[in-house]
Amino acid sequence: MSFLLALFAFWLGGAPAWAATVERIDVRPDRIVIRFDGVVAQASTFALDGPQRIALDVDGARPGGRVDSDGLVDGIRQAARGDGGARIVFDLAAPAIVTEGKFGRNGHELTLMLRTVDDARFARAAAEGRMRFLPPFNYGSGVTPAVYRVSTPVPLASRKLALPRVYGDDDTRPLVVIDAGHGGVDPGAISPDSGLREKDVTLKIARSIRDELVASGRVRVALTREDDKYLILQERYGIARKLKADLFISIHCDSVGGGSASGATVYTLSEVASDKESARLAARENKADIIQGVNLASTPVDISSILIDLTQRETMNASANFARVLGREAKPLMPIKPNFHRMASLVVLKAPDMPSILFETGYISNPVDAAFIDSRDGRAAIAQSVRRAVDIHFARRMASR
Ligand code: ZN
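Here's what I pulled together on the structure shown here. (Residues numbered from 1 in each chain as written. Predicted model: local features only at pLDDT ≥ 70, side-chain atom pairs only at ≥ 80, totals over all residues. Heavy atoms only, no water.)

A short note on helix α4 (residues 233–242)
Counting buried residues in α4 gives 8 out of 10 residues, a clear majority hidden from the surface. Of all the positions in α4, only Leu-233, Gln-234, Glu-235, Arg-236, Tyr-237, Gly-238, Ile-239 and Ala-240 are classed as buried. Buried residues in α4 make contact with β13 (175–180), β15 (247–254) and α5 (276–286). Once α4 finishes, Lys-244 follows within two positions and takes phi at roughly 60 degrees, a positive value. (Buried < 20%, exposed > 50% of the residue type's maximum accessible area, 1.4 Å probe, protein only. Helix = DSSP H or I, 4+ residues; strand = E, 2+ residues; numbered from the N terminus. Contact = heavy atoms within 4.5 Å.)

Laid out in C-alpha cells, this is it:
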C-alpha cells in the first residue's frame, strides 16, 4: 500500500527528483556523449569564457558515472544542481562550441556535437545564452524514437516599455539617450577592494552627463533608467529608438582579474571583435540579459548571425566618427587607453538606425580608476568630454546638411 502511495505521489508531483543518474560521459574530438540510466526531464548547454568552458545542465539526473575523455577537454567536473539536477562543466583545452545536440536511445543518451572555433567565435557563443534539448516524447513506446531536438529560448519577461522623461523643451534639438549600464538584480562588475558596484557608478555618471548636456542647451536628453532598475539590453536601445533618439551612449565600467589595467575605452558595433580583450568584454556585457542562468531577453540573443546591412553600415560609420571625436575630447580631461576606440558585437549597440557607443569610463577593478570614476571630479571630466564630443558631432551633422 505504501508503495502505491509513493507511486501516486510520484505521478502527481510531476518530474521526480533524481529520476536518472549520469552513467557515463564520453568526450570525443567532435562530440560529447552523455548516457543516463533513465529518462531525464531536459538538458541545456551554454558556453562560458575566461577560462573557456562548456556547461551542461541536466534536469532530473543525479551526477556520477564513468568519464572517458579523448577530446578537447582538460577536465570534467560534476555537481548536483537545484532540485534534482546535475551540472557538468567541461574545461576546454581549445575553444570549441556545441553546434547541435540530440537525445537518442529512448531518451537515455544525449549527444552534443562540437566544433573547434577561434577565440572570437567562442566569445560570441558565450554571449548567446543556452541551447535546450528535450528527450523524445515517445520513449518507452517500443518504437525507435526519431532523433529529436528542440532549441528554444527560456521564457521571457515581456513587459511594456515605459518611456522615460525627456529633459529640454526645444523639440527641434537632437535627442541624446544616456544608458546607465546594469541595474536592479544585475550589479555589473564589483570592485574587489571597496565593493563598489558598476550599476551605481554608471547611474551617477549618466546623471552627470545628463545635467551637463541639458545645461549646454544644445540637445535634449533622456536616461534609459533614472533609478536602480533592471532593463534587458533590447529595452535599453528600444527605449532610445521609441523616443527617436539621434545618439545613444551606454555607460559602463570595465573590469579585469588583475588590478593594474586602467583608462577609458569606447566601443562601437562590429560583427567581429577588434581584439581578444574586446571579445571578452562583449561576452561579459552581453551576459547582462542572463541573470542566474535565466535568459530574460524577449528573443534569443544571436549575435553570431548578426546581419549588418547597408543602412546599418551608415550608422556604424557615424558611431565610429563619434567615438573618435569622444577620444580626442576626453584625452586632455581623463585617463584613456592608448587604443581608445575598439569594436565588438555588443547587443546594446544593435539599433540599426541610431549611432550608438558603449563608453567604458574606467576600470572598477583598479582602485585608482574606481576612485576617479566614482568622484565628483571624475564624473565632471567624463560629462565634459561627452558634452564636447556631442557638440562637435551635431555641429558637423548640421554643417553637412
Ligand atoms: Zn558593464
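Text resumes after the structure shown.
Section: unusual backbone geometry
Following Gly-50, the chain continues into Pro-51 via a peptide bond in cis, with omega recorded as -5 degrees. Inspection of the secondary structure puts Pro-51 in the loop between β3 (42–48) and β4 (53–59). Positive phi is not limited to glycine here, since His-182 has a value of about 65 degrees. Here His-182 shows up in the loop between β13 and α3 (198–216).

Quick notes on the pairing of β4
With 6 of 7 residues buried, β4 lies mostly within the body of the structure. Here β3 folds back onto β4 in antiparallel fashion, the turn holding 4 residues, of which Gly-50 has a positive phi close to 60 degrees. Where β4 meets strand β8 (residues 85–92), 7 bridges bridge the pair, whose relative direction is antiparallel. Across the sheet, residue Val-58 finds its bridge partner in β8, namely Ala-86. (Pairing = 2+ DSSP bridges.)

Examining the nonpolar core
Ranked by size, the top nonpolar core spans 39 residues in total, and within it Val-176, Ile-178, Ile-209, Ile-249, Leu-326, Phe-359 and Val-390 carry the most contacts. Ranked by the residues each element gives to this core, the list is headed by helix α8 (residues 376–399), at 7 residues. Judged by nonpolar contacts, the second largest core, of 35 residues, contains Ala-43, Leu-92, Ile-97 and Val-98. (Core = buried A, V, L, I, M, F, W, Y, C linked by side-chain atoms within 4.5 Å.)

Focus on the packing of aromatic side chains
Two descriptors summarise a pair of aromatic rings, namely the distance from one centre to the other and the angle between the planes of the rings. Applying the stated criterion to the full structure yields 1 aromatic pair. With a centroid separation of 6.3 Å and 85 degrees between ring planes, the pair formed by Phe-340 and Phe-359 is classed as edge-to-face. In this pair, Phe-340 is assigned in strand β19 (residues 336–344) and Phe-359 in strand β20 (residues 356–363), connecting sequence segments 19 residues apart. One exposure class covers both Phe-340 and Phe-359, and it is buried. The ring of Tyr-167 is capped by Arg-210, whose NZ or CZ atom sits 4.8 Å from the centre of that ring. (Phe/Tyr/Trp six-rings, centres within 6.5 Å; stacked < 30°, edge-to-face > 60°. Lys NZ or Arg CZ within 6 Å of the ring centre and 35° of its normal.)

What to know about the sheet that holds β20
With mixed pairing, 7 strands are arranged side by side in an open sheet as β12-β14-β13-β15-β20-β16-β19. The sheet is open, and its two edges are formed by β12 (166–167) and β19, each paired on a single side. Examined bridge by bridge, β13 and β15 share 5 bridges and lie parallel to one another. Within β15, the residue paired with Ala-180 across the bridge is Ile-251. Each of β13, β15 and β20 touches α8; the most contacted strand, β15, lies at about 155 degrees to it. (Axes fitted to C-alpha atoms, helices over the stretch in contact; angles between N-to-C directions.)

Points about the packing of α3 against α8
In contact at an axis separation of 8 Å, α3 and α8 are set at 45 degrees when each is read in the N-to-C sense. Classed by the angle they form, the pair α3 and α8 counts as oblique. Considering only the axes of α3 and α8, their crossing is right-handed. On α8, the residues touching Lys-204, Ile-205, Ser-208, Ile-209, Glu-212, Leu-213 and Ser-216 of α3 are Arg-379, Ile-382, Ala-383, Gln-384, Val-386, Arg-387, Val-390 and Asp-391. Looking at the contact of α3 with α8, its residues break down into 7 nonpolar, 3 polar and 5 charged. (Parallel < 35°, antiparallel > 145°, perpendicular 65-115°, else oblique. Left-handed = near helix turned anticlockwise from the far one by under 90°. Nonpolar A, V, L, I, M, F, W, Y, C, P; charged D, E, K, R; others polar.)

Overview of the sheet that holds β3
Spatially, the 5 strands line up as an open sheet ordered β7-β8-β4-β3-β11, and their pairing is antiparallel. Across the chains shown, the open sheet's two edge strands, defined by having one partner strand only, are β7 (73–81) and β11 (131–133). Looking at each pair of strands side by side, their axes are set apart by 15 degrees on average, direction ignored. Bridging between β3 and β11 involves 3 bridges; their strand directions are antiparallel. From the neighbouring strand, Ala-43 faces β11, where its bridge partner is Phe-133.

Considerations on the packing of helix α2 (residues 119–127) against α5
Across the interface, α2 lies against α5 with an axial gap of 8 Å and an inter-helix angle of 5 degrees. As the angle between them shows, α2 and α5 are arranged roughly parallel. Residues Asp-119, Ala-120, Ala-123, Ala-126 and Ala-127 of α2 lie in contact with α5, whose contacting residues are Lys-276, Ala-279, Ala-283 and Asn-286. Of the residues that constitute the contact of α2 with α5, the class distribution is 6 nonpolar, 1 polar and 2 charged.

These values are about where atoms sit, not about what they do.
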